[in-house]
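For reference, the chains in residue letters:
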Amino acid sequence: TVRDYSPPENGAELSETDKSNYVGICDTTCTILFDSDGNPLEKIGGGYKYEDCNTGKSASNAMVAKREFVGSDAYNLLLAAMDLAEKTDAPTADEANLKNEDAAGLFSSDANILHKLETQELGDPRTDEGFKSFFTAYDNFKAVLTTESKAQDALKVCIAGEDVDANTCTTRLETAYAMAGPFECISRGSDDECLQAVQNGDAALAVVGGFQLFAAREDYKLAAIVAESTSLDLGSASYSGFDQEEHVPPDAIDGGQGSITGLDMSLKGQKACHTGYRKTSGWVLPVGKMIDDGIMDPTRWRAEAQEENVRVDAETVEKFWDDNVCAPGKTADGPAIDANGNGKVYGETGKGGLCKLCKEDCTENDPYAGYEGAVLCMDEDDGKDATGGDIAFVKHSTIKDYGAGLTLDKSEYVGICPTKAMQLYDKDGNYVDEGGNTVGTDGAGQPAYLSCNTGKSASNALVSKEDFVGTARYNQLMAALGLSYKADASAPIDNGGITNTEAGDVKDEDTVGLWSSDTSFLNRLEDPTSDEAFKTNFFTAFNQFEEIRNTDKLIVCISKGTTGACEAALDSAYADLAPFTCIKEDSDDECLQAIKSNKADLTVVGGNQLFTAFERYGLAAIVAESSSTDLGDASYWGVALTKKAMCKTVDGAEQGGPITGLDESLRGKKACHTGYRKTSGWYLPVGKLADEGVMDFDRWAGEADEEGVRVDAETVEKFWDDNVCAPGKTAEGPKLGGEIYGEPGGGGLCKLCKKDCTKDDPYAGYDGALYCMDSGNDVAFVKHSTVRDYSPPENGAELSETDKSNYVGICDTTCTILFDSDGNPLEKIGGGYKYEDCNTGKSASNAMVAKREFVGSDAYNLLLAAMDLAEKTDAPTADEANLKNEDAAGLFSSDANILHKLETQELGDPRTDEGFKSFFTAYDNFKAVLTTESKAQDALKVCIAGEDVDANTCTTRLETAYAMAGPFECISRGSDDECLQAVQNGDAALAVVGGFQLFAAREDYKLAAIVAESTSLDLGSASYYGVALTKRSMCSPDAIDGGQGSITGLDMSLKGQKACHTGYRKTSGWVLPVGKMIDDGIMDPTRWRAEAQEENVRVDAETVEKFWDDNVCAPGKTADGPAIDANGNGKVYGETGKGGLCKLCKEDCTENDPYAGYEGAVLCMDEDDGKDATGGDIAFVKHSTIKDYGAGLTLDKSEYVGICPTKADGSDGGCMQLYDKDGNYVDEGGNTVGTDGAGQPAYLSCNTGKSASNALVSKEDFVGTARYNQLMAALGLSYKADASAPIDNGGITNTEAGDVKDEDTVGLWSSDTSFLNRLEDPTSDEAFKTNFFTAFNQFEEIRNTDKLIVCISKGTTGACEAALDSAYADLAPFTCIKEDSDDECLQAIKSNKADLTVVGGNQLFTAFERYGLAAIVAESSSTDLGDASYWGVALTKKAMCKTVDGAEQGGPITGLDESLRGKKACHTGYRKTSGWYLPVGKLAD
């Protein structure tokens, strides 16, 4: 401020021309902070004097978002646009209005630097710790903002949910429970986040139930203190679960005629009706109990579940019932798991999975879903395979509360008990006791369901930390709830003296997020800090919940040791994590395949297999071991050793030997490698020598091929003139087929070996190679710790040199002493060790690997926490003996003293190529060796994606089919997007993509589409054309002959018609027509954006719904739309017969709806009967749908006509006949194409757009290269004038063509590909959009509906959008909305009306504290600051201070202390940051 002072009014010049007279008031003195011009003075040692004399350091303005935004695609795009993807700070984009807060409402005028807040130093911005690391003045702000309740701190209650409102919650709790003192509600995104908030002290209380209540005790060690209840007779239970049955034998119950004897194996193969997947009474209680009792065995079905990508409990239940089950619905991650890791229903109605017995769509909307649905499922059983069931798992009150319509008296629905069956109701559904007497009548006892049930479901409960129990505030809260003096510790919810209205207010669970809406009573739980009391008296279904959760165990694959030892070691070491299951495969490679195919989650590999895990299988290394405690990271160094006498010089001293370094002087020496293709013994030295041109792989490639030997093996043999021992073999070599090359005393790689040249040879391994060299040979390639840790590999194998310093290192150009006499590494001057400057390379040690999607998951976070790596980058390996016994448990190495997290600031994201290579620094060494097979020509790398693709199969088939293109190597990635990234960054040369990924390939990754697939020559490079169809009678008379309706073309005459789309965001059914109508101004997505945000629906979905006035069927969902659930996952929008995109659908509005897909959309249109919710007027399909449609249409196919776009002159497009009566294409004159005189098909001029087929993409600089031309020739495209050829035109056989079209396994061409088309001018945007991807605008319009929404409270939305779009053009365009205040912008983000806003000071504190938002990018208000913050200072004139820098001044002020009292003070404003929060908070604190 002193430096930048600008007069706020005329004549307001400062009185002191020497600005150093404005001095800082420090804690206990005053000091000069500025020079005469007001520039901050530096202090001795660096930094500025104000850093030691201030009121506090505050974060400047920051961009905030919902916590879930962090890590999303949009977040990553935003950071990339801001140049913050790989950096922690970057200059603010040079766009004037971006820093004009008054004009655009965004960053401040002095925001010169933007800082990413997701950094190693600050932590995760989604966490409390991450925010507070950035917002260091948190305590100052808190000191001020909690003054309202200084008599008593607010009791913080954490609430979760999409619609909860912290302000409303606070107000209502303080009204209802005033005697408990002030409250403050804070909102979080989920119950789990609330549990974390209670655990870490950011909240005192939260209400949770079900699995979260289980987790509250089991994972977070919280106490359940008050439980809800709907009635006093349930106590603290919500309900009892049980199973009802009609099919029991006489021995089980009077009147029985069936086979069921109880809750036992007699149930196997019966037909079962569950309320839903992982519902408490319908799944957790019965399934958990049957697993706990050994009736169901989940371990039996684990492998099959992994193969099918299904949760283990789901597979177990399906198999137990022999497919005869209805368990509808899904959770966020089950029962089946889609390609994005999201849950989806398992199976189809009438077919299998958990859906065979369901009635309609097996979703939560199925008639057989829920309590009454499960009873209906059982009641409607007609003895047929796929209709109804024998058993229903529901809650105890379901039959009692069931309305009319059951086929039997309610007394006929009996409970299945552990060893018998029992009547539970009288004929009217009232509870009976075990004697059959109606409860409540004279002489009747307790309800029979108390002794015949599947378990007791605890109700929701209020939880707190254990140390809250018994405090004065706890007692005060109990009194406010009316529970403090009650002997039975239960009271009506309004017993605390609150009114019915107040009770209703706190039971508004959607808004307040506390008690459930049907809560009538509250129950104080006795002994709430006791595990025993929790499990025995309250959460009695603990074991059932535990059994279900245990089915989600982490699966670890090993290739050594036993699974029992593996599981015991992991469970002992990491007891806080859900138990592990270990499986065993024959090799590390098979373990990698097991992870790739979802049969396992984790394995530990090193060296070549670690390289392979990344390069071939696309896996991520997540935790690495340290093989030596003297290393600072998870790696080791390879060293080349010899004896002193073999060197020409050692540390400058002449020795007279022949070796001058890692150079030609080594040729022909006698060499000892730890083994063929071992890391320190082969990859590091051989890779280094090859990289530096000392070894020449090309020279020996031909001879290696003739001898059937790997090129690297032949090259090494020739370099050492046969004088070598490199024992052992891999699956690939050293001889082709995986055999040893040579024999001891003979040649190959075995001449110098002592025994058999296997991995058991005395000269094998680290110790063996050193022993080999010490036994009369010249050179050993080992790791840096081998000399120190040497252990004789056989009797008598002691080293000849007692002084280990005589084993010297061979460096690049000399030799040097690396070890002391005991073999300990010598330190170098300046720190570190001498081997760091004299080595063959640094390699990562063994590491735990997983699928890339595993990183960031709950299981990943739990694993890191168990390993003590959640907040650290390294930690000691757990003290469990077998954990480091690789031979016994197959896990970490014996010398794995330290574990290192590989997701760090230094190494980066382990899911990325850069992250892996930062850890695996010997990547190039390994690559040099592993690409020797194709030394005549590098392998052409093809990236493939998909759950079942197999890189090995792909490589083999491509090399067979397209041999003339040179060697291939397929690599697999988790998604098409990851493949596009691999091509962009050079890890792959080629990939095949289509649809939105093909759009992204050009638009986002700037790749060239070089070859397109086609199903027929007449389509060229199109996959198909989209068409809008209607019945001829729906068109206006002017639009087509025979028209009787109102449709004039693809224009506003369609508004309010009834529409049938193939599915949400399907190409022909959505992207082409919707994108075109948006592009043509017929649909207006901007009009419906706000409503879409309010409903948590994608904007294009809301736009389409409104355009058709709800009269639409657009079934299915994507990963993130059309509606969005609480976890950010996509779900269908609406319900059949009601609205959204589902009103006109026939059944469940999923991809399985009869109206889904091409034929489904035509059926939807064809079945229209004129009623509101049956069928439609228009179908959006592809041009061939009617042609290929089978029998069953109500009209001749010529009556289904195309709706054409508006013509270029602005006239109506009209309708056009596209087919003859048999469905053959006709030209514009109605002549059947292919007959004499007929022209081109009419659909070419009457369509919604052309869908480009899948295409092979590459980087632009690949086009025109020799390898590109070679590939075109192999595909049969090089000399074709029309650049099209049948897929087998490259000279490949039909079998080979079929092999490369096996899209599920090979992942390249689609199975229906008949022709390939070389795309002309593939590096041209114009050619891409005009000649090939002609629907570019449609795709762009759809994607633009997903713009980021920025909320501002200053400036104009136009200036905001212009500034953002100009500054961050690479990101999808922005939309700006304006609210009246920063607080309203924060509310807009909380309520999903906006994505981002920029706030500072109090509002930044509020964003975190009240709304649970994350600060993601901060601005720097001053370039002299190193981070995104500024310092507050207290200033006065020198004369006001007692001393200034020790010099007496005679004034009254001694510091930031009592001497300030009564002075005349100037604050920037009430509750401004530097002018209020910092000084007032500091002085209060």
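This section reports on the structure supplied with the text. (Residues numbered from 1 in each chain as written. Predicted model: local features only at pLDDT ≥ 70, side-chain atom pairs only at ≥ 80, totals over all residues. Heavy atoms only, no water.)

**Structural notes on a negative patch on the surface**
- Taken together, the side chains of D163, E509, D510 and D518 define an acidic patch exposed on the protein surface.
- Among the secondary structure elements, D163 is positioned in the loop between strand 7 (155–160) and helix 5 (166–176). (Patch = residues over 30% accessible without salt bridge, like charges linked within 9 Å, V, L, I, M, F, W, Y side chains within 5 Å. Areas by Shrake-Rupley, 256 points an atom, 1.4 Å probe, with all protein chains shown as cover. Salt bridge = Lys/Arg side-chain N within 4 Å of Asp/Glu carboxyl O. Lys, Arg positive; Asp, Glu negative; His and termini not counted. Charge placed at Lys NZ, Arg CZ, Asp CG, Glu CD. Helix = DSSP H or I, 4+ residues; strand = E, 2+ residues; numbered from the N terminus.)

**A look at the environment of Q423**
- The residue Q423 is located in the loop between strand 18 (421–422) and strand 19 (455–458) in this model.
- Measuring from C-alpha to C-alpha, the distance between Q423 and G436 comes to 6.7 Å, with 13 residues separating the pair along the chain.
- Here Y425 takes part through its backbone oxygen, which lies 2.8 Å from a polar atom of the side chain of Q423. (Polar contact = N/O pair within 3.5 Å; in protein donor to acceptor, adjacent residues only side chain to side chain.)

**Some remarks on the state of the cysteines**
- Applying the stated criterion across every chain, the model contains 24 disulfides.
- The disulfide bridge from C158 ends at C194, spanning 2.1 Å between sulfur atoms. Between C158 and C194 the sulfur-sulfur dihedral comes to about -75°; the bridge is accordingly left-handed. Here C194 lies in helix 6 (residues 191–199) and C158 lies in strand 7, a separation of 36 residues in the sequence.
- Classification of C194 as buried rests on a relative accessible area of 1%.
- Note on cysteine connectivity: C1060 is disulfide-linked to C1164, with sulfurs 2.0 Å apart. (Disulfide = S-S within 2.5 Å. Buried < 20%, exposed > 50% of the residue type's maximum accessible area, 1.4 Å probe, protein only.)

**A look at the nonpolar core**
- Counting 64 residues, the largest nonpolar core has L610, L666, W720, L749, V849, F919 and F920 as the members making the most contacts within it.
- For this core, the element with the highest residue contribution is helix 20 (residues 679–691), accounting for 6 residues.
- If you look at the next biggest cluster of nonpolar residues, it comprises 60 residues, including C943, A1012, I1082 and L1141. (Core = buried A, V, L, I, M, F, W, Y, C linked by side-chain atoms within 4.5 Å.)

**Let's talk about the packing of helix 31 (residues 995–1003) against helix 40 (residues 1336–1344)**
- Running from N to C, helix 31 and helix 40 cross one another at 95°; their axes reach a closest spacing of 11 Å. Classified by the angle between their axes, helix 31 and helix 40 sit roughly perpendicular to one another. Contacts between helix 31 and helix 40 involve G995, F996, F999 and E1003 from the former and F1336, F1339, E1340, I1342 and R1343 from the latter.
- Class assignment for the residues of the contact of helix 31 with helix 40 results in 5 nonpolar, 1 polar and 3 charged. (Axes fitted to C-alpha atoms, helices over the stretch in contact; angles between N-to-C directions. Parallel < 35°, antiparallel > 145°, perpendicular 65-115°, else oblique. Contact = heavy atoms within 4.5 Å. Nonpolar A, V, L, I, M, F, W, Y, C, P; charged D, E, K, R; others polar.)

**Notes on the side chain of D761**
- With respect to the element layout, D761 can be found in the loop between strand 31 (724–725) and helix 23 (765–774).
- For the buried D761, which has no salt bridge, the nearest side chain bearing the opposite charge is K755, at an N-O separation of 7.8 Å.
- Of the polar contacts made by the side chain of D761, one reaches the backbone nitrogen of D756; its length is 2.9 Å.
- Within the local environment of D761, its side chain forms a polar contact with the backbone nitrogen of C757, the two atoms lying 3.0 Å apart.
- Sequence-distant contacts of D761, defined by excluding residues within four places in its chain, comprise P727, C753, K754, K755 and D756.

**Details of the pairing of strand 25 (residues 602–605)**
- Of the two faces of strand 25, the one carrying L602 and V604 and the one carrying T603 and V605 are both buried.
- Taken together, the 3 bridges between strand 25 and strand 36 (residues 847–851) define a ladder with antiparallel strand orientation. Across the sheet, V604 pairs through a bridge with M848, a residue of strand 36. (Pairing = 2+ DSSP bridges.)

**Observations concerning the pattern of salt bridges**
- Evaluation of the coordinates by the stated rule reveals 58 salt bridges.
- For D322, the salt bridge identified is with K268, shortest N-O distance 2.8 Å. Of this pair, D322 sits in the loop between helix 10 (312–320) and strand 13 (325–326) while K268 sits in the loop between strand 11 (237–245) and strand 12 (272–274); the two residues are 54 residues apart in sequence, bridging distant segments of the chain.
- Owing to a relative accessible area of 44%, D322 belongs among the partly exposed residues under this scheme.
- In this structure, R1318 engages E1320 in a salt bridge whose closest nitrogen and oxygen atoms are separated by 3.3 Å.
- In this structure, a network of salt bridges that share partners links the residues E703, E714, E717 and K718.

**Description of the packing of aromatic side chains**
- Enumeration over the complete set of coordinates arrives at 54 aromatic pairs.
- Ring centres of Y138 and F1405 lie 5.4 Å apart, and the angle between their planes is 40°; on these two criteria the pair is classed as tilted. Separated by 1267 residues along the polypeptide, Y138 in helix 4 (residues 138–145) and F1405 in helix 43 (residues 1401–1409) bring together distant segments of the chain.
- Centroid distance Y763 to Y771: 5.3 Å. Interplanar angle 80°. Geometry classified as edge-to-face. With respect to class, Y763 is no different from Y771; both count as buried. (Phe/Tyr/Trp six-rings, centres within 6.5 Å; stacked < 30°, edge-to-face > 60°.)

**So, the sheet that holds strand 4 (residues 62–66)**
- With mixed pairing, 7 strands are arranged side by side in an open sheet as 5-6-58-4-57-55-56. A single partner strand is all that each edge strand has here, and the edge strands are strand 5 (89–91) and strand 56 (1374–1378). Sheet twist, expressed as the mean angle between neighbouring strand axes with direction ignored, is 30°.
- Of the strands in this sheet, strand 4, strand 55 (1348–1352), strand 57 (1396–1399) and strand 58 (1413–1420) touch helix 42 (residues 1382–1390), which is tilted by about 150° from strand 57.

**Brief notes about the sheet that holds strand 20 (residues 461–464)**
- An order of 8-7-9-20-10-22-21 is seen for the 7 strands of this open sheet, with the pairing classed as mixed. Edge positions in the sheet fall to strand 8 (183–188) and strand 21 (490–492), since each has one partner strand and no second. The mean angle between the axes of side-by-side strands here comes to 25°, regardless of whether they run parallel or antiparallel.
- Of the pairings in the sheet, the one linking strand 10 (residues 223–229) to strand 22 (residues 521–524) comprises 4 bridges and is antiparallel in character.

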